[in-house]
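Observations on chain architecture
The primary structure of each chain is shown beneath.
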Amino acid sequence: MTATAPVLVEPASPAPLAPPPPRPRRRRLRRLLGNGLVQAFLLVVGLVWITPVAGLLLSSLRSAQDSASSGWWTALADPGQLSFANYAALLDDAGMTRAFWNTVLISVPTTVLVVALAALAGYAFAWLEFPGRDWLFLLVVALLVVPVQVGLLPVAKLFGQLGLFGTIPGVVLFHVAYGLPFAVFLLRNYFAEMPREMLEAARMDGGGEWRVFVHLVIPVGRPALASLAIFQFLWVWNDMLVALLFADSSSQPLTVELQSQVRQFGSNIDVLAPGAFLSLVVPVVVFLAFQRHFVQGVMAGSVK
Amino acid sequence: MTTVTETARRGAADTRRRAGRRRRAVALAFALPALLLLGALVVYPVLFSVGRSFFDASGTRFVGGGNYVEMFRDPATLRAVRNSTVWVVVAPTLLTALGLILAVLVERIRWAAAFKLLLFLPMAVSFLAAGIIFRLAYEEDPDKGVLNAAVVGVHDLFEDGASYPGARAREGGDVRRTGDGAYETTAAVSPGGTALPLGLVGVRPAEVPPEARPAAAAAAGKPGPGELRGVVYLDFTPGGGGRPGAVDAAERGLPGLAVEAVRDGRAVATATTGADGAFRFDGLEEGGAYTVRLPAENFAEPFGGVSWLGPALVTPAIIGAYLWIWTGFAMVLIGAGLSALPRDALEAARIDGANEWQVFRRITVPLLAPVLTVVFVTLVINVMKVFDLIYIIAPGPVQQDATVLATQMWLVSFGGGNDQGLGSALSVLLLLLVVPAMVFNVRRFRRSQS
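Definitions and limits used
- Residues numbered from 1 in each chain as written.
- Chains lettered and ligands numbered in written order.
- Predicted model: local features only at pLDDT ≥ 70, side-chain atom pairs only at ≥ 80, totals over all residues.
- Heavy atoms only, no water.
- UniProt positions renumbered as here; feature names shortened; annotations may be inferred.
- Helix = DSSP H or I, 4+ residues; strand = E, 2+ residues; numbered from the N terminus.
- Buried < 20%, exposed > 50% of the residue type's maximum accessible area, 1.4 Å probe, protein only.
- Contact = heavy atoms within 4.5 Å.
- Areas by Shrake-Rupley, 256 points an atom, 1.4 Å probe, with all protein chains shown as cover.
- Lys, Arg positive; Asp, Glu negative; His and termini not counted.
- Charge placed at Lys NZ, Arg CZ, Asp CG, Glu CD.
- Pairing = 2+ DSSP bridges.
- Axes fitted to C-alpha atoms, helices over the stretch in contact; angles between N-to-C directions.
- Domains from an automatic or database assignment.
- Buried area = accessible area lost by both parts, 1.4 Å probe.
- Salt bridge = Lys/Arg side-chain N within 4 Å of Asp/Glu carboxyl O.
- Polar contact = N/O pair within 3.5 Å; in protein donor to acceptor, adjacent residues only side chain to side chain.
- 1 Å grid on protein atoms, 1.4 Å probe; cavity = no way out; pocket = protein on both sides within 12 Å on 5 of 7 lines; lining within 4 Å.
- Points joined across faces, edges and corners; volume = space filled by probe spheres on them.
- Nonpolar A, V, L, I, M, F, W, Y, C, P; charged D, E, K, R; others polar.
- Phe/Tyr/Trp six-rings, centres within 6.5 Å; stacked < 30°, edge-to-face > 60°.
- Lys NZ or Arg CZ within 6 Å of the ring centre and 35° of its normal.
- Parallel < 35°, antiparallel > 145°, perpendicular 65-115°, else oblique.
- Patch = residues over 30% accessible without salt bridge, like charges linked within 9 Å, V, L, I, M, F, W, Y side chains within 5 Å.
- Core = buried A, V, L, I, M, F, W, Y, C linked by side-chain atoms within 4.5 Å.
- pLDDT = per-residue confidence, 0-100.

An unreviewed UniProt entry annotates chain B as ABC transporter permease originating from Streptomyces roseolilacinus. Regarding chain B, the relevant UniProt record gives this comment under Subcellular location (unreviewed entry): "Cell membrane".

For chain A, an unreviewed UniProt entry supplies the name Sugar ABC transporter permease and the organism Streptomyces roseolilacinus. We quote the UniProt Sequence similarities (unreviewed entry) comment for chain A here in full: "Belongs to the binding-protein-dependent transport system permease family." UniProt, in its Subcellular location (unreviewed entry) section for chain A, records the words "Cell membrane".

Written out as structure tokens, the structure reads:
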């Protein structure tokens, strides 16, 4: 029995004084007890995780007066405090609703463009020959971790000259460029896994690369494209930094609009809390609807 | 003949070459849009930033490494460098450890899927929303911030002594204030005699605990030998009619106060006042001279919680919010590695009598080392770029104390600093810091290709 246990023993101790294995019954009892502790611990962790969001949700449903005089948890005992009045006010707020639509107008085109351009380039890097291909792809891998900050100043100057500064297309272009390295990396690797014979057969059937791309590569690559699209969408939906610089007051998304209100934090919880909740509801719904794709996308995208 | 075949061959080669050229053109057409954007908006800006970082604020004068020297001389940027170091060391370490512990534990429960879902959910939320969520949770007023409400609740559980922050003695009475904020009797008192009345004023009726009862009965009590009795009461009759310095019928005792009998500067006995404000000391020396003292903590402001977003704690507090966002990520990634471990190795060890800790320490962790490294490196890269969370959570006046490289780069370049030379240098520093991760990625990729 001891012969199979060398992994557990310190190499230095020649004759380990292993305690006799506990009797099965005691062990089961201990395991049961341990399991109870584990459950209790994880329950506490879960509570800690859910409390801050519960705080936001309940705060968003309380009046400014209530928020100023007592904590959101008092609403648990007194549900009469809760109403949708703040949300109604938010929908009447022209700045907020425009910011919400700006967020949509930025996230959707960015997602479409990133996926389309990266699919084309990914296929080229995986299966087509062109000079400098391998070298260029290594460059793409290197660009994976370039921080957005490096691009802010030069691109702001460039966009200023091109008249793109302060516009939605400008914000979109910046996002597309900084989303591409990861997108190309992900799709190239996915496409490269396709069996060569399948591709050769499609090429034999006639039809140029474009036909092969549309009728074979895209359908086969669907799972990767979906993961990428979801990841990219959430990334841009949640962005604040890029829009803070490149958008002006008419093109700014929800995150920037809310950020400008944080300065008066404390006096405007009835605006901030429902706004923040509105901005997080879309990603959370996307997350719950496409859980598997989302987790894969985030896992793969974490190298960014 | 030879010329014919020669021409034919040359023709074939020509077609082939032309076809090859065509193929290359098609390939380039596929890759070009992406490559152009990357070139114009990523590669060119990197080069531009590097160049710009060698020029002064206006961009006209070449200053060499001046901006890089300035970075470590200017107190604000230096603080950013220091805070970034704290972030990069602390956050990934805590996250990897937390992720590992949770990944191992979550395998033992039935509701693992729900737990993982819950912890992963913050990954979908924007830093802005998370920032507002935690700004709310960290509110200093325990009536608003949930964290301080909890802290104060726990604190009061262990320290239940009542406190009367506004209380004071009447001028010229039997009780005087000492230098450290305590109150003590002006004249020496001895055991026996009559009960000692200690009147206080300045306590609002609402601050008197509801259990407080009239003090008159206790004030009339007779001490036994060696016993010193007294009563601490609110020397104020609601509605008027009371006499200063005397225990009137309507006047209530102040419960929960600490009282000390002091002799030669040393507290020889302590007591706590009851619901009627009464206290008594036993076994004192008959005829000895004592001073009765009400220590300063009776009059301290009540504990108001922790100043989470004050200058001292703001960085740890924001790291806490960051943990809330990323722990699920670490847990799920490590969990995936965990489920790929050879089950027989773990089972064999258990059968051999290893306890769970030994299995964890000697088998699980070493086998997981590659996954842990990937998680750690990933987190380091992401921590380096943290911006929104600090920008949102740190209140205006404390922003300077919480600043990191990414926020400092923003402040210096766009947020009023308007020094694009120094800003560029800071962004280049950020880039340099992720170069190891860049090399790591490229190496890992090349290895996977060969």
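Turning to the overall build of chain B, a few remarks are in order. Looking only at helices and strands, one finds 14 helices and 8 strands in chain B. Considered along the principal axes of its C-alpha atoms, chain B spans approximately 145 × 70 × 40 Å. When each of the 450 residues of chain B is scored for burial, the buried share is 48%. By sequence separation, contacts in chain B at least 24 residues apart represent 69% of the contacts at least 6 residues apart. Surface accessibility of chain B: about 21300 Å² in total, with carbon and sulfur atoms responsible for 60%. Considering chain B, the positive charge centre built from 42 side chains and the negative charge centre built from 38 side chains are found 22 Å apart.

All right, on to the overall build of chain A then. Helix and strand content of chain A: 15 helices and 0 strands. In chain A, of all internal contacts separated by at least 6 residues, the share reaching a separation of at least 24 is 73%. On chain A, roughly 14400 Å² of surface is accessible, and the fraction owed to carbon and sulfur atoms is 67%.

Once that is clear, we can look at the sheet that holds strand β5 (residues 258-263) of chain B. All names here are of chain B. Strand order in this open sheet of 5 strands is β1-β2-β8-β5-β6, and the pairing throughout is antiparallel. One side of each edge strand has no neighbouring strand; the edge strands of this open sheet are β1 (175-177) and β6 (266-272). Adjacent strand axes in the sheet meet at a mean angle of 30°, parallel and antiparallel pairs treated alike. Summarising the sheet, β5 and strand β8 (residues 291-294) pair through 3 bridges and their orientation is antiparallel.

It is worth spelling out the domain arrangement of chain B at this point. Looking at the assigned domains, one finds that chain B contains domain 1 (66-152 + 308-449) and domain 2 (175-299). Placing a centre on the C-alpha atoms of domain 1 of chain B and another on those of domain 2 of chain B gives a separation of 55 Å.

With that out of the way, let us pick up the interface of chain B and chain A. Taken together, the 95 residues of chain B in the interface contact 103 residues of chain A. Of the roughly 8700 Å² buried between chain B and chain A on both sides combined, carbon and sulfur atoms contribute 78%. Per-residue buried area on chain B facing chain A is highest for Phe30, Leu41 and Phe445 of chain B; these three make up 8% of the total on that side. Counting the contacts that link chain B with chain A gives 0 salt bridges. Along the contact surface separating chain B from chain A lie 8 residue pairs in polar contact (both at pLDDT 80 or more). Element by element, the count of residues in the side of chain B that touches chain A is highest for helix α1 (residues 2-52) of chain B, at 21 residues.

Okay, empty space enclosed by the protein next. The rolling of a water-molecule-sized probe over the atoms marks out the regions of remaining empty space. All told, the structure shown has 6 cavities of 30 Å³ or more when counted by the stated rule. By volume, the second largest cavity amounts to about 70 Å³. Contributing to the lining of the second largest cavity are Ser59, Arg62, Ser67, Ser70, Gly71, Trp72 and Ile269 of chain A together with Leu136, Glu139 and Lys144 of chain B. Classifying every residue of the lining of the second largest cavity gives 3 nonpolar, 4 polar and 3 charged.

Inspection of every chain in the model, using the stated rule, returns 41 aromatic pairs over all chains. Consider the rings of phenylalanine 134 of chain B and tyrosine 138 of chain B, whose centres lie 5.8 Å apart with planes at 45°: the pair is tilted. A network of ring pairs unites the aromatic residues Phe125, Phe130, Phe137 and Phe185 of chain A together with Phe445 of chain B as a single cluster. Positioned over the ring face of tyrosine 290 of chain B is arginine 263 of chain B, at 5.2 Å from the centre of the ring.

This brings us to the UniProt feature "transmembrane region" (unreviewed entry) in chain A. Residue and element names in this part refer to chain A. Mapped onto this numbering, the UniProt entry gives "transmembrane region" (unreviewed entry) at residues 32-58, 100-128, 135-156, 168-191, 212-237 and 271-290. In the segment residues 135-156, helix accounts for 82% and strand for 0%; the C-alpha atoms at its two ends are 29 Å apart. Annotated as 100% helix and 0% strand, the span residues 168-191 places its first and last C-alpha atoms 32 Å apart.

Turning to the packing of helix α7 (residues 148-162) of chain A against helix α13 (residues 405-413) of chain B, a few remarks are in order. For the pair α7 of chain A and α13 of chain B, the least separation of the axes is 10 Å and the interaxial angle reads 10°. As summarised for this structure, α7 of chain A and α13 of chain B are arranged roughly parallel, according to the angle between their axes. Here α7 of chain A contributes Gln149, Leu152 and Leu153 of chain A to the contact with α13 of chain B, which in turn contributes Ala406, Met409, Trp410 and Ser413 of chain B. Across the contact of α7 of chain A with α13 of chain B, the residue classes break down as 5 nonpolar, 2 polar and no charged.

Our focus in this paragraph is unusual backbone geometry. The backbone of aspartate 264 of chain B sits at a positive phi, close to 55°, despite the residue not being glycine. Mapped onto the fold, aspartate 264 of chain B is located in the loop between β5 and β6.

Right, let's talk about the pairing of strand β4 (residues 228-234) of chain B for a bit. Along any regular strand the residues' side chains alternate between the sheet's two faces. Residues and elements named next belong to chain B. Within β4, 6 of the 7 residues are buried, which leaves it mostly tucked inside the rest of the structure. Taken together, the 5 bridges between strand β3 (residues 196-200) and β4 define a ladder with parallel strand orientation. Looking at β4, one finds that leucine 200 is bridged to leucine 234. Here β4 runs beside strand β7 (residues 278-281); their pairing, made up of 4 bridges, is antiparallel. The partner of glycine 230 across the bridge, within β7, is phenylalanine 279.

Residue and element names in this part refer to chain B. Judged by side-chain charge, Arg18, Arg21, Arg23 and Arg24 come together as a positively charged surface patch. Its place among the elements puts arginine 23 in helix α1. Note on arginine 23: relative accessible area 55%, which makes it exposed.

Our focus in this paragraph is a nonpolar patch on the surface. A contiguous nonpolar patch, built from Val86, Val89, Val90 and Leu94 of chain B and spanning about 290 Å² of accessible area, is present on the exposed surface. Looking at where valine 86 of chain B falls in the secondary structure, it is placed in helix α3 (residues 75-106).

Following the UniProt record, the feature "domain: ABC transmembrane type-1" (unreviewed entry) maps to residues 100-290 of chain A here. Secondary structure over residues 100-290 of chain A splits into 80% helix and 0% strand, and the C-alpha atoms at its two ends are 22 Å apart.

Okay, the UniProt feature "transmembrane region" (unreviewed entry) in chain B next. Residues and elements named next belong to chain B. Per the UniProt annotation, the sites labelled "transmembrane region" (unreviewed entry) are residues 25-47, 85-105, 117-138, 321-342, 363-381 and 421-442. Taken end to end, residues 85-105 is 100% helix and 0% strand, and its two terminal C-alpha atoms sit 30 Å from one another. Within residues 421-442, the helical portion is 100% and the strand portion 0%, while the C-alpha atoms at the span's ends are 30 Å from each other.

A few words now on the nonpolar core. Tyr123 and Phe246 of chain A together with Trp87 of chain B are the most contacted members of the largest nonpolar core, which has 189 residues in total. The element contributing the most residues to this core is helix α8 (residues 314-339) of chain B, with 17 residues. Apart from residues lying up to four places away in sequence, tyrosine 123 of chain A is in contact with Leu128, Phe191, Leu199, Arg203, Glu209, Val212, Phe213 and Val217 of chain A together with Phe30 of chain B. Val208, Val232, Leu257 and Leu294 of chain B belong to the second largest nonpolar core, which has 28 residues in total.

Okay, the confidence of the model for chain A next. Residues and elements named next belong to chain A. Residues of chain A with pLDDT of at least 70 account for 88%, and the chain-wide mean is 85. Across chain A, the element-wise mean pLDDT spans from 68 in helix α15 (residues 291-301) up to 95 in helix α5 (residues 94-127). The low-confidence segment residues 1-18 (pLDDT under 50) makes 13 contacts with residues lying over four places distant or belonging to another chain.

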